[in-house]
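# Survey of secondary and tertiary structure
Here's the letter readout for the chains.
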Amino acid sequence: MQAFTHHRGVLALLDTANVDTDQIIAKQFLKSIKRTGFGEHLFHDWRYHADGRLNETFALNSKEFQGATVLVTRNNFGCGSSREHAVWAVQQYGFRAVIAPFKGEGDSRIPGFADIFRNNCSKNGLLTIEFSEKEVDSIFESVSARPGIEASIDLEKQTVEVHGSPALSLHFDISPAVKARLLSGLDDIGTTLQEVQAISDFEKRHNDQLSASPR
Amino acid sequence: MPKTLFEKIWDSHQVKTLKDGTVLLYIDRHLIHEVTSPQAFEGLRLTGRKVRRPDLTFATMDHNVPTDDRENIKDPISKAQIDTLSENCRQFGVKLYDLKSRDQGIVHIIGPELGLTLPGTTIVCGDSHTSTHGAFGALAFGIGTSEVEHVLATQTLTQTKPKTFRVEFKGSPGPGVTAKDLILKLIGIIGTAGGTGCVFEYCGEAVRALSMEGRMTMCNMSIEAGARAGLIAPDEVTFEYLSKGDRPFAPRGEAFDRAVAAWKTLPSDPGAVFDRELVIDASSVAPQVTWGTNPGMVMDVSGRIPAPGEVPGYSAKDVEQALAYMGLKPGTPLTEVTINTIFIGSCTNGRIEDLRAAASILKGRKVAPGIRTLIVPGSQRVRKQAEAEGLDIIFKDSGCDWRQSGCSMCLAMNPDQLSPGERCASTSNRNFEGRQGKGGRTHLVSPQMAAAAAIAGHFVDIRTWR
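Given the structure is predicted, the values throughout are model-derived calculations rather than measurements.

So, how was this worked out
- Residues numbered from 1 in each chain as written.
- Chains lettered and ligands numbered in written order.
- Predicted model: local features only at pLDDT ≥ 70, side-chain atom pairs only at ≥ 80, totals over all residues.
- Heavy atoms only, no water.
- Helix = DSSP H or I, 4+ residues; strand = E, 2+ residues; numbered from the N terminus.
- Rg over C-alpha atoms; globule rule 2.2 N^0.38 Å.
- Buried < 20%, exposed > 50% of the residue type's maximum accessible area, 1.4 Å probe, protein only.
- Contact = heavy atoms within 4.5 Å.
- Areas by Shrake-Rupley, 256 points an atom, 1.4 Å probe, with all protein chains shown as cover.
- Lys, Arg positive; Asp, Glu negative; His and termini not counted.
- Charge placed at Lys NZ, Arg CZ, Asp CG, Glu CD.
- Right-handed = clockwise from strand over helix to strand, strands pointing away.
- Domains from an automatic or database assignment.
- Salt bridge = Lys/Arg side-chain N within 4 Å of Asp/Glu carboxyl O.
- Buried area = accessible area lost by both parts, 1.4 Å probe.
- Nonpolar A, V, L, I, M, F, W, Y, C, P; charged D, E, K, R; others polar.
- Expected span 1.5 Å × (residues − 1).
- 1 Å grid on protein atoms, 1.4 Å probe; cavity = no way out; pocket = protein on both sides within 12 Å on 5 of 7 lines; lining within 4 Å.
- Points joined across faces, edges and corners; volume = space filled by probe spheres on them.
- Pairing = 2+ DSSP bridges.
- Axes fitted to C-alpha atoms, helices over the stretch in contact; angles between N-to-C directions.

### Some thoughts on the overall build of chain B
Within chain B one finds 16 helices and 19 strands. Computed over its C-alpha atoms, the radius of gyration of chain B comes to 21 Å, within 12% of the 23 Å expected for a compact globule of 466 residues. In terms of principal-axis extent, the alpha carbons of chain B reach across some 55 × 55 × 45 Å. With 466 residues in all, chain B has 68% of them scored as buried. Pairs at least 24 apart in sequence give 75% of the contacts found in chain B among residues at least 6 apart. In the structure as shown, chain B presents an accessible area of about 14,900 Å², 52% of it carried by carbon and sulfur atoms. Both charge centroids of chain B, one from 53 positive and one from 52 negative side chains, sit 1 Å from each other.

### With respect to the pairing of strand 4 (residues 57–60) of chain B
Residue and element names in this part refer to chain B. Residues T57 and A59 point to one face of strand 4 and F58 and T60 to the other, with burial holding for every one of them. For the crossover that starts at strand 3 (residues 29–32), traverses helix 2 (residues 38–47) and ends in the parallel strand 4, the hand is right-handed. At this point the chain moves from strand 4, through helix 3 (residues 76–92), to the parallel strand 5 (residues 95–97), and the crossover so formed is right-handed.

### Some remarks on the domain arrangement of chain A
Where the parts come together, the accessible area they lose is often given as the size of the interface. Taken as a whole, chain A is organised into domain 1 (6–184) and domain 2 (187–215). The C-alpha centroid of domain 2 of chain A is placed 36 Å from the C-alpha centroid of domain 1 of chain A.

### Concerning the pattern of salt bridges
Per the counting criterion, the structure on display carries 45 salt bridges over all chains. Close ionic contact of K157 of chain A with D154 of chain A constitutes a salt bridge, the shortest N to O distance being 3.9 Å. The partner of D235 of chain B in a salt bridge is R215 of chain B, with the nearest N and O atoms 2.9 Å apart. With D235 of chain B in the loop between strand 11 (229–231) and helix 9 (236–243) and R215 of chain B in helix 8 (residues 212–220), this pair connects stretches of sequence that are 20 residues apart.

### Let's talk about the interface of chain A and chain B
Counting from both sides, the interface comprises 67 residues of chain A and, opposite them, 83 residues of chain B. Carbon and sulfur atoms supply 51% of the area that chain A and chain B bury against each other, a total of about 5,800 Å² over both sides. Our count for the chain A to chain B interface comes out at nine salt bridges. Its salt-bridge partner being R435 of chain B, residue D22 of chain A comes within 2.9 Å of it at the nearest N-O pair. Broken down by element, the side of chain A that touches chain B gets its largest block of residues, seven residues, from helix 8 (residues 196–205) of chain A. Each residue belonging to the side of chain A that touches chain B can be placed in one class, and the counts come to 23 nonpolar, 22 polar and 22 charged.

### Quick word on helix 3 of chain B
Residues and elements named next belong to chain B. The end-to-end C-alpha distance of helix 3, which contains 17 residues, comes to 24 Å, matching closely the 24 Å that a straight helix rising 1.5 Å per residue would cover. Residues of helix 3 that are buried sit in contact with strand 3, helix 2, strand 4 and strand 5. One or two steps after helix 3, the chain reaches G93, where phi turns positive at roughly 75°.

### Here's the deal with the environment of H6 of chain A
Residue and element names in this part refer to chain A. Relative to the helices and strands, H6 resides in strand 1 (residues 6–14). A sequence separation of 181 residues divides H6 from D187, and the C-alpha atoms of the two residues are 19 Å apart. Residue contacts for H6: discarding those within four places in its chain leaves I153 and D154.

### Quick look at empty space enclosed by the protein
Summed over all chains, the structure comprises five cavities of 30 Å³ or more. As for the largest cavity, its lining consists of 24 residues, of which H63, D127, H129, L411 and R435 of chain B are closest to the centre. At the level of secondary structure, the elements contributing two or more residues to the lining of the largest cavity comprise helix 4 (107–114) and helix 12 (346–349) of chain B. Its residues assigned to classes, the lining of the largest cavity shows eight nonpolar, 12 polar and four charged. Quantified by volume, the second largest cavity comes out at close to 170 Å³. Lining the second largest cavity are 16 residues; nearest its centre among them are T16, A17 and N18 of chain A together with T293 and E433 of chain B.

### Details of the pairing of strand 9 (residues 163–170) of chain B
Residue and element names in this part refer to chain B. Relative to strand 10 (residues 198–203), strand 9 runs parallel, the two being bridged by six bridges. Residue pairing in the sheet places V167 in a bridge with Y202 of strand 10. For the crossover that starts at strand 9, traverses helix 6 (residues 179–190) and ends in the parallel strand 10, the hand is right-handed.

### Quick word on the sheet that holds strand 10 of chain B
Strands belonging to one sheet form pairs held by backbone hydrogen bonds; the direction of such a pair is parallel or antiparallel. Residues and elements named next belong to chain B. Reading across the sheet, the four strands line up as 11-10-9-12 and stay open at both edges, with parallel pairing between neighbours. One side of each edge strand has no neighbouring strand; the edge strands of this open sheet are strand 11 and strand 12 (276–281). Here the average twist between neighbouring strands, direction ignored, is 20°. Here strand 10 runs beside strand 11; their pairing, made up of three bridges, is parallel. The residue of strand 11 that forms the bridge with V199 is A229.

### A look at the side chain of T145 of chain B
Of note, T145 of chain B is situated in helix 5 (residues 145–154). Residue T145 of chain B is classed as buried on the basis of its relative accessible area, which comes to 0%. If sequence neighbours within four positions are ignored, T145 of chain B has contacts with E84 and W88 of chain A together with T36, Q39 and A40 of chain B.

### With respect to the sheet that holds strand 5 (residues 150–154) of chain A
Residue and element names in this part refer to chain A. Strands sit in the order 4-3-2-1-5-6-7 across an open sheet of seven strands; the sheet is mixed. Looking along the sheet, the strands with just one partner apiece sit at the ends: strand 4 (127–131) and strand 7 (168–171). Pairs of neighbouring strands in the sheet enclose a mean axial angle of 25°, with direction left out of account. The pairing of strand 6 (residues 159–162) with strand 7 spans four bridges and is antiparallel. Bridge pairing links T159 to H171 in strand 7. In the packing of helix 5 (residues 133–145) onto the sheet, contacts are made with strand 1, strand 2 (70–73), strand 3 (97–101), strand 4, strand 6 and strand 7, and the angle to strand 1 comes to roughly 85°.

Rendered as structure tokens:
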């Protein structure tokens, strides 16, 4: 997995809530048995007209957002299907991080990203960052005022600096486990296999439901 | 301390708590299919790793398979993906229910049929509708391909404990109101992110009264409300389902009695505390139809298409975009919206009870002129059962197309697709833009509502129709 420590790059805005994984990578591209080649198909039905021409009104096609590496969007990004191809597409297009707002507070707080998508991101080194809706609004305003501006992300310090005018300096929360994995870039399976004795011990004591041999 | 059903399963599957605070969770059943597994097997090959428990790993092909001619798959890329699964299963010693198997079908339909889905187990699959298996009181959730590889190699997953969310459906739904309507109602209330980070437990009189098929429909769509898993406590309905039929992986005889005794300890203890709770009055739920481009954009069949600004939880811009895509005008009565295509099938509503419900409406009637009606059984077993009951004859006589089993037009990876602008009443689970074909317009409904729409040519209120 690609480690994530810090990153500086152009911010792109996608002002749509509930972006589902069918939009991120359409089903016709899921037939591949490879892990690469998905970037060119990211947001296919939004990026291209039916006849294959570029849809110039779609945000990511604007010239200021070319080469962008940090995607800023609205809540519930990545909902729907579990297809990890969606993460591969976002990453292979060139994004290193995605920013989305959580909603509400405390027990009723709703995360900015769908569960499976966020989990898949953490297995691939794509950083998901959540801010409050107000903070995300402020990034939208900054970028809309000066499209093409960059942000600097420091995962160790959990900060995002938006290099607009005025500059924004924001702090984000992240699960310590996900942070550690992203910083190290270590192979998850390799790490778990260090626990192979514990797994074997568990299998010995786990009840007989485990047996799945047909009668 | 009293525990919830979820906590009992979670606690009994913890291999250990890792240093970073995550839990290494043991997986009892790993189901795989052709679309999300090839890269995982490739990862094993590249690192020289093996499948730790091939005896707990089960594969089928469903997403990408044609539902007409299965012998000659025309799309070479689809065929390559299907062949790759066969080769991977052969190489790694995994049991495969392929297109020649009498047990082939949608992965979430065949798991319960084969008796693989048992109360108190943990089940994962590289598919978000794995939540279906929660109907049996199994903790079942969808995973990505990296996690598929992780489970193949270690039979475990590293997990953070989710929150618990109790949803009670009190009272009894009226005639014509199904499990599909109840779950769509919930999604409409809390939105497509309302359950993110949670595991639902569905309970209450209306849930207890559901068949296993209905419970599977309900748990299936948990993910559409953002929850990775939904659970229903096992009871006599569950035990009855598991005790009957040809379920080679379910216990039998004394082993079954022992299992039932253990399963009876699973339901949430009185006084168990949930992180969140919601009560819905099932008796007030009307048949539901989605009008927009996610399952939370849903309304009563008796209503009118909403206007931007009048839908709680959605910005005016989101509603405008959805209505433009769907080709709908605010204020139009939903029952005036005409349909081009009907799709009855999927892991949500492709079981025998769903086909019986559709057949009961279609019997002795004809599909409206110009309407294409695709009926796709969820599995070969469902297909065989339906044919034994003569349902296929009813479908064909009324002008429907009776197909082979698979995911089909639910995600339209195979040739079953909508054309741009084509409007479909579908018993599937997602009405996202382009889900059933680029430019296609999907309305999610129950099998009864889909069948009635096929005859009328437009949506009808099943409660007053006929």
